[in-house]
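# Topology and contacts: notes
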Amino acid sequence: MFKEIADNVRAKTPLIHNITNYVTVNDCANILLACGGSPIMADDENEVEEITSICNGLTINIGTLNSRTISAMFKAGKKANKLNHPVVLDPVGAGASALRTNTALMLLSEVKFDVIRGNISEIKVLASGSGKTSGVDANVDDVVTAENLDTAVAFVKDFARKLGSVVAVTGAIDIVTDGDKAFCIYNGDKDMGKITGTGCQLSCLTAAFVTANPEDKLTATAAAVCAMGLCGELGKKRMTSLDGNSSYRNYIIDAIYNLTGEQLEEGARFEIK
Amino acid sequence: MFKEIADNVRAKTPLIHNITNYVTVNDCANILLACGGSPIMADDENEVEEITSICNGLTINIGTLNSRTISAMFKAGKKANKLNHPVVLDPVGAGASALRTNTALMLLSEVKFDVIRGNISEIKVLASGSGKTSGVDANVDDVVTAENLDTAVAFVKDFARKLGSVVAVTGAIDIVTDGDKAFCIYNGDKDMGKITGTGCQLSCLTAAFVTANPEDKLTATAAAVCAMGLCGELGKKRMTSLDGNSSYRNYIIDAIYNLTGEQLEEGARFEIK
Amino acid sequence: MFKEIADNVRAKTPLIHNITNYVTVNDCANILLACGGSPIMADDENEVEEITSICNGLTINIGTLNSRTISAMFKAGKKANKLNHPVVLDPVGAGASALRTNTALMLLSEVKFDVIRGNISEIKVLASGSGKTSGVDANVDDVVTAENLDTAVAFVKDFARKLGSVVAVTGAIDIVTDGDKAFCIYNGDKDMGKITGTGCQLSCLTAAFVTANPEDKLTATAAAVCAMGLCGELGKKRMTSLDGNSSYRNYIIDAIYNLTGEQLEEGARFEIK
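Residues numbered from 1 in each chain as written. Chains lettered and ligands numbered in written order. Predicted model: local features only at pLDDT ≥ 70, side-chain atom pairs only at ≥ 80, totals over all residues. Heavy atoms only, no water.

## Let's talk about the overall build of chain A
Scanning chain A from N- to C-terminus turns up eleven helices and nine strands. The principal-axis extent of the C-alpha atoms belonging to chain A is close to 45 × 40 × 40 Å. Taking all 273 residues of chain A together, the buried fraction comes to 66%. Pairs at least 24 apart in sequence give 74% of the contacts found in chain A among residues at least 6 apart. A distance of 2 Å separates the average location of the 26 positive side-chain charges in chain A from that of its 33 negative side-chain charges. (Helix = DSSP H or I, 4+ residues; strand = E, 2+ residues; numbered from the N terminus. Buried < 20%, exposed > 50% of the residue type's maximum accessible area, 1.4 Å probe, protein only. Contact = heavy atoms within 4.5 Å. Lys, Arg positive; Asp, Glu negative; His and termini not counted. Charge placed at Lys NZ, Arg CZ, Asp CG, Glu CD.)

As structure tokens, then:
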């Protein structure tokens, strides 16, 4: 199942328009190329509709958002909806400021997202329509564990049903659900959180996977989340005692570059709830 | 010939002002340092003329352009012209949106560029004054091959003559011409296209080479294109089975860092048409 | 002494708000994670006060400043002052344009900075209130050497006393002083200057060190400067004949990631004047 999904990305080379933050944008472009997709970054409101039109899918990431790029997000998102292109939202830091929370909520109300991918704190803020987060990482109290997994799955399913979107909550255990079926994913390594932008990268990867597999967005999203986690594991295995988060970043993107559909099929570790 | 050109870059440490996109800007800065140049990035219209004045050359790259940076491009370009500083244009994504096409065409009409470096699709759009491209990579139909090389050379020569500039079209075979003499360059590796920003990096490298060798901009541009391709080959040789595009990116910049004039002289593979 | 300072960073995980340039921002985020801190980047004036409020410290870096981000710098800086959060200024390119010089000087007059970190040329411009620099690197004439060290220390001490701040001038020999006591630091490697952004990274590292050790900002700044230099040395030792500035960048961040308090204590090389 995941094999075909990953193979489709390399076969179809989906062109993904990304409106994203300037912190992790280079890694986002490289991971899109690594998985078999093709990236284009453009955030001026005078060109985003045209750029979205020549692409196949869209990622909107609100990290380092500003008044100029916010208007571009709405224009691109609405255009992508009209063209029936898959759209992924990464609500980076929702809850950390009113600007981020409100922008994310307004995007959710005016643009139809196929997938929303964030950490549990960001998703809680979006689900409740308010609340605070302590930066761009999940609050400690919110973390999904084996103990609270069922409660968390029920919560994420409920939010996904309300939105009619796939919701991917990533962390120690990832939850990917369309409101009906939930993948609980065990791939990944805790040190991925020591690299800036692994979440942003995953959102772009998800856009490529969903765009190349529009007939089953839930499974495509789960495959992207497993791929990122599996490559986090593969990258970790390469690390020597002198390597740190900078080399680890390279190794993960390298692993995505070399990942085969078979590897993903065999390495994916998840249960369905 | 190429040896002296590369040696001049390290001897003169040209300071290059770059107005460029936020996707690949870090790699652009590092490749300028690697070749022996020195980078400064500045894109606010209130400082670009001053910044250009303390520099020796200028790169204008229209990837992720926006209304704020466009005006800075014109100001910096005109200032560089007044100071007789070499100016390189990288028309990233010309043809992908009207904003990019029109900005590139207006820049060509108001600023004198010493070198324009792009892929064949971007250059076709600029030469015809219209047309569409499918993103930031060359259209498949446009690709320069051994079969259509003579036609392509004639086309690029014609455009270079009209502009009175050196035009560098990079791809599987690179064409660098001033309208009279054309270097057809065979260095490089197809997987360089799997790294974001190798084109942007080459444009900055070209600015450094031309700025340190203003008396022969054609040969300096050809030397830069050969250097990038050769380092793409050298970087490729370092790759292990676990490496992918992220490590490859590092290896290419590393190879530029270690490249000697002798190595470039020996490794450059081209014919003149 | 330095051991406890470095250990405090890992124990406290200071959350640092960074308003910084788009050239080196990714490396800044990764080095903050590497040292045990946590980064958040936000530069829109509509959210910077809130973002600063949820953080513990602030870095303001004027590389690639623009009209939009300048106002955000003032708002964030004033808010951090009100909250008694440590604030670090990196006056990148002060002296290279009036916009940069004036912005840095106005920031110094309206925001209380705990630490100012720059190269000697930038600091001279700030101290004199005028003057020119030749880009983002120190002017050759300004370089601190064994011969002019005492004069340089006296100059930096004087500036630090006037500001009531810690001033860190980095170069071949680094000077860190609060106006009374000066650390003259001998760690580092000259090839660190061949990597874009080692200065920017150090400013963010300093913010993390000072934020986790607010009771002794002078020593915390000196520890950060020693840590960066020491990791430059450690990274250099990893380099093979094929490695260049791109791999070197990764190795330095990796070394910060693996740096222990003991290593820093033992490896720091400085004298007090």
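## Let's talk about the interface of chain C and chain A
Contact residues are listed per partner, giving 30 residues for chain C and 34 residues for chain A. In total, about 2,600 Å² of surface goes out of reach between chain C and chain A, with carbon and sulfur atoms giving 48% of it. Scanning the region where chain C abuts chain A turns up two salt bridges. One salt bridge connects Glu47 of chain C with Arg100 of chain A, and the closest N-O pair in it is separated by 2.9 Å. Run the count over chain C and chain A and you get 19 residue pairs in polar contact (both at pLDDT 80 or more). (Buried area = accessible area lost by both parts, 1.4 Å probe. Salt bridge = Lys/Arg side-chain N within 4 Å of Asp/Glu carboxyl O. Polar contact = N/O pair within 3.5 Å; in protein donor to acceptor, adjacent residues only side chain to side chain.)

## Focus on the packing of helix α9 (residues 217-238) of chain A against helix α10 (residues 245-258) of chain A
All names here are of chain A. One can describe the packing of α9 onto α10 by two numbers: an axis separation of 8 Å at closest approach and a directional angle of 125°. What the angle tells us is that α9 and α10 run oblique. Of the two elements, α9 crosses α10, and the hand of that crossing is right-handed. Between α9, through Ala227, Met228, Cys231, Gly232, Leu234, Gly235, Lys236 and Arg238, and α10, the contact on the second element is made entirely by Tyr248, Tyr251, Ile252, Asp254, Ala255 and Ile256. Taken together, the residues of the contact of α9 with α10 break down into nine nonpolar, two polar and three charged. (Axes fitted to C-alpha atoms, helices over the stretch in contact; angles between N-to-C directions. Parallel < 35°, antiparallel > 145°, perpendicular 65-115°, else oblique. Left-handed = near helix turned anticlockwise from the far one by under 90°. Nonpolar A, V, L, I, M, F, W, Y, C, P; charged D, E, K, R; others polar.)

## Digging into the interface of chain B and chain A
Taken together, the contact pairs 34 residues of chain B with 30 residues of chain A. Linking chain B with chain A are two salt bridges. Where chain B packs against chain A, one counts 19 residue pairs in polar contact (both at pLDDT 80 or more).

## Some details on the sheet that holds strand β3 (residues 57-61) of chain B
All names here are of chain B. Read across the open sheet, the nine strands follow the order β2-β1-β3-β4-β5-β6-β7-β8-β9; overall the sheet is mixed. Each edge of the open sheet is held by one strand with a lone partner, namely β2 (38-41) and β9 (270-272). Adjacent strand axes in the sheet meet at a mean angle of 20°, parallel and antiparallel pairs treated alike. Here strand β7 (residues 174-177) pairs with strand β8 (residues 182-185) via four bridges, running antiparallel. (Pairing = 2+ DSSP bridges.)

## So, the packing of helix α8 (residues 198-212) of chain C against helix α9 (residues 217-238) of chain C
Residues and elements named next belong to chain C. Taken N-terminus to C-terminus, the directions of α8 and α9 make an angle of 140°; their axes are 9 Å apart at the nearest point. With respect to α9, the axis of α8 lies oblique. With respect to the hand of their crossing, α8 and α9 are arranged in right-handed fashion. Contacts from Thr198, Gln201, Leu202, Leu205, Thr206, Phe209 and Val210 of α8 reach α9 at Lys217, Ala220, Thr221, Ala223, Ala224, Val225, Ala227 and Met228. Classifying every residue of the contact of α8 with α9 gives ten nonpolar, four polar and one charged.

## What to know about the relation of the copies chain C and chain A
Turning chain C through 120° and shifting it by 0.0 Å along the axis lays it on chain A, with an RMSD of 0.0 Å. Here the symmetry operator amounts to a three-fold rotation axis. Using C-alpha coordinates, one finds that chain C approaches the rotation axis most closely at Tyr22 of chain C, a distance of 3.6 Å. The residues that chain C uses at the interface reappear at the interface of chain A in only 13% of cases, marking distinct surfaces. (Least-squares fit on C-alpha atoms with pLDDT ≥ 70 in both.)

## Regarding the packing of aromatic side chains
Summed over the entire model, instances satisfying the criterion amount to nine aromatic pairs over all chains. Aromatic pair Phe2 of chain B and Phe183 of chain B: ring centres 6.2 Å apart, planes at 35°, arrangement tilted. Placement of the pair is Phe2 of chain B in helix α1 (residues 2-12) and Phe183 of chain B in strand β8, with a sequence separation of 181 residues. These aromatic residues form a ring-pair network of at least three members: Phe2, Phe183 and Phe270 of chain A. (Phe/Tyr/Trp six-rings, centres within 6.5 Å; stacked < 30°, edge-to-face > 60°.)

## Looking at the relation of the copies chain B and chain A
Mapping chain B onto chain A calls for a screw motion: a turn of 120° about the axis and a shift of 0.0 Å along it, with 0.0 Å RMSD after fitting. Both copies present different contact surfaces, since only 12% of the interface residues of chain B are interface residues in chain A too.

## Let's talk about the side chain of Ser165 of chain A
All names here are of chain A. Assignment of secondary structure puts Ser165 in the loop between α7 (149-163) and β6 (166-169). Here Ser165 falls in the buried class, since its relative accessible area comes to 4%. Residues within four places of Ser165 in sequence aside, it is in contact with Lys112, Phe113, Asp114, Ile116, Ala160, Thr177 and Asp178.

## Some points on the nonpolar core
Ranked by internal contacts, the top residues of the largest apolar core, which has 168 residues, are Phe209 and Leu264 of chain A, Phe209 and Leu264 of chain B together with Phe209 and Leu264 of chain C. Residues within four places of Leu264 of chain A in sequence aside, it is in contact with Phe2, Ala6, Phe209, Ala223, Cys226, Ala227, Leu230 and Leu259 of chain A. (Core = buried A, V, L, I, M, F, W, Y, C linked by side-chain atoms within 4.5 Å.)

## Describing α9 of chain A
End to end, α9 of chain A covers 31 Å across 22 residues, agreeing with the expected 32 Å (1.5 Å per residue, within 8%). Burial runs high along α9 of chain A: 18 of the 22 residues are buried. (Expected span 1.5 Å × (residues − 1).)

Everything listed here is a matter of coordinates, which is why it stays silent on function.
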